[in-house]
Amino acid sequence: MRKLVKFLHTVAACGLVGALTAYIVVLAFAPQSTPQSYAEMRQTLSALSNYMLFPSLGVGLVSGIVAMMVHRPFQDPRWVWAKALLGFSMFEGTLAIVQARANSAAEEAQRIASGSGDAQALAGIIANEWMALGAILALSAAQIALGIWRPRLGSR
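*Asks:* For a nonpolar patch on the surface, give the residues involved together with the corresponding values.
*Replies:* On the surface, a nonpolar cluster with roughly 940 Å² of combined accessible area is contributed by Met1, Leu4, Phe7, Leu8, Val11, Val59, Ile65, Met69, Val70 and Phe88. Where the nonpolar patch is concerned, the elements lending two or more residues are α1 (2–29) and α2 (35–70). When you line up the elements, Met69 lands in helix α2.

*Asks:* I'd like a description of the environment of Val70, backed by residues and values.
*Replies:* Turning to its location among the elements, Val70 is positioned in helix α2. Taking the relative accessible area as the measure of exposure, Val70 reaches 39% and is therefore partly exposed.

*Asks:* So what's going on with unusual backbone geometry? Residues and values would help.
*Replies:* Its identity is not glycine, yet Asn128 carries a phi of approximately 65°, on the positive side. Within the element layout of this structure, Asn128 appears in the loop between α4 (119–126) and α5 (129–149). Phi is positive for Arg150, which is not a glycine, with a value near 45°. Secondary-structure assignment places Arg150 in the segment after α5. A relative accessible area of 43% means that Arg150 is categorised as partly exposed.

*Asks:* Which residues make up the nonpolar core, and what values do they have?
*Replies:* Ranked by internal contacts, the top residues of the largest apolar core, which has 22 residues, are Tyr23 and Leu45. Among the elements of the structure, α1, α2, α3 (78–114), α4 and α5 are those that each provide at least two residues to this core. The greatest single-element share of this core, amounting to 7 residues, is contributed by α2. If near-sequence neighbours (up to four positions away) are discounted, Leu45 is found in contact with Tyr23, Val26, Leu27 and Ala102. Counting residues in hydrophobic clusters, the runner-up holds 9 residues, among them Val66, Ala67, Val80 and Leu146.

*Asks:* Account for α2, naming residues and giving values.
*Replies:* Helix length check: α2 (36 residues) gives 51 Å between terminal C-alpha atoms against 52 Å at 1.5 Å per residue, within 8%. Helix geometry: α2 is bent most strongly at Ser49, by close to 40°.

*Asks:* For the pattern of salt bridges, give the residues involved together with the corresponding values.
*Replies:* Charged atoms that come close allow side chains of opposite charge to pair. Within the structure shown, the criterion is met by 2 salt bridges. The partner of Arg111 in a salt bridge is Glu108, and the shortest N-O contact between them spans 2.7 Å. One end of the pair, Arg111, and the other, Glu108, are both in helix α3, 3 residues apart, so they sit about a helical turn from each other. By relative accessible area, Arg111 is classed as partly exposed at 37%.

*Asks:* Outline the environment of Val80, listing residues and values.
*Replies:* Structurally, Val80 can be placed in helix α3. Given the relative accessible area of 5%, Val80 is considered buried. Distance in space between the C-alpha atoms of Val80 and Leu57 is 17 Å, their sequence separation being 23 residues. Excluding residues within four positions of it along the chain, Val80 makes contact with Met68 and Phe74.

Cut-offs applied
- Residues numbered from 1 in each chain as written.
- Predicted model: local features only at pLDDT ≥ 70, side-chain atom pairs only at ≥ 80, totals over all residues.
- Heavy atoms only, no water.
- Patch = residues over 30% accessible without salt bridge, like charges linked within 9 Å, V, L, I, M, F, W, Y side chains within 5 Å.
- Areas by Shrake-Rupley, 256 points an atom, 1.4 Å probe, with all protein chains shown as cover.
- Salt bridge = Lys/Arg side-chain N within 4 Å of Asp/Glu carboxyl O.
- Helix = DSSP H or I, 4+ residues; strand = E, 2+ residues; numbered from the N terminus.
- Buried < 20%, exposed > 50% of the residue type's maximum accessible area, 1.4 Å probe, protein only.
- Core = buried A, V, L, I, M, F, W, Y, C linked by side-chain atoms within 4.5 Å.
- Contact = heavy atoms within 4.5 Å.
- Expected span 1.5 Å × (residues − 1).
- Bend = angle between axes of the 7 residues up to and from the residue.

Shown next as structure tokens:
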């Protein structure tokens, strides 16, 4: 059971970082010259968020919690609890910021492409998008670092 949970957690981390990287690549390099191509790019980002980023995050969070339950040595160290808190922060941030904005921006971009949308509304939705992606990526890197190096984080 322990190896299965570790495998799921590792695969989820790979999926999460891969989805964030793909999101950034699409956002930076996809054609955006016409309203239709911009709407298609936003649809791609929404699909990445819905089918890769969010599921990977969910599997990672659940497998991390299960690892704490089934592997007794993971119940006491502070690095494990710090990792769990970061996991919940990532889940909240990804759900509230990245996924919600990806879906809202895709819908508004599609309305703009069809002639009925509002460019100001879209600008409000995607404000600070790069900063949010950077924050989630930084949390991911911290999670991976804690899992690899397992620092003591003080005495207990």
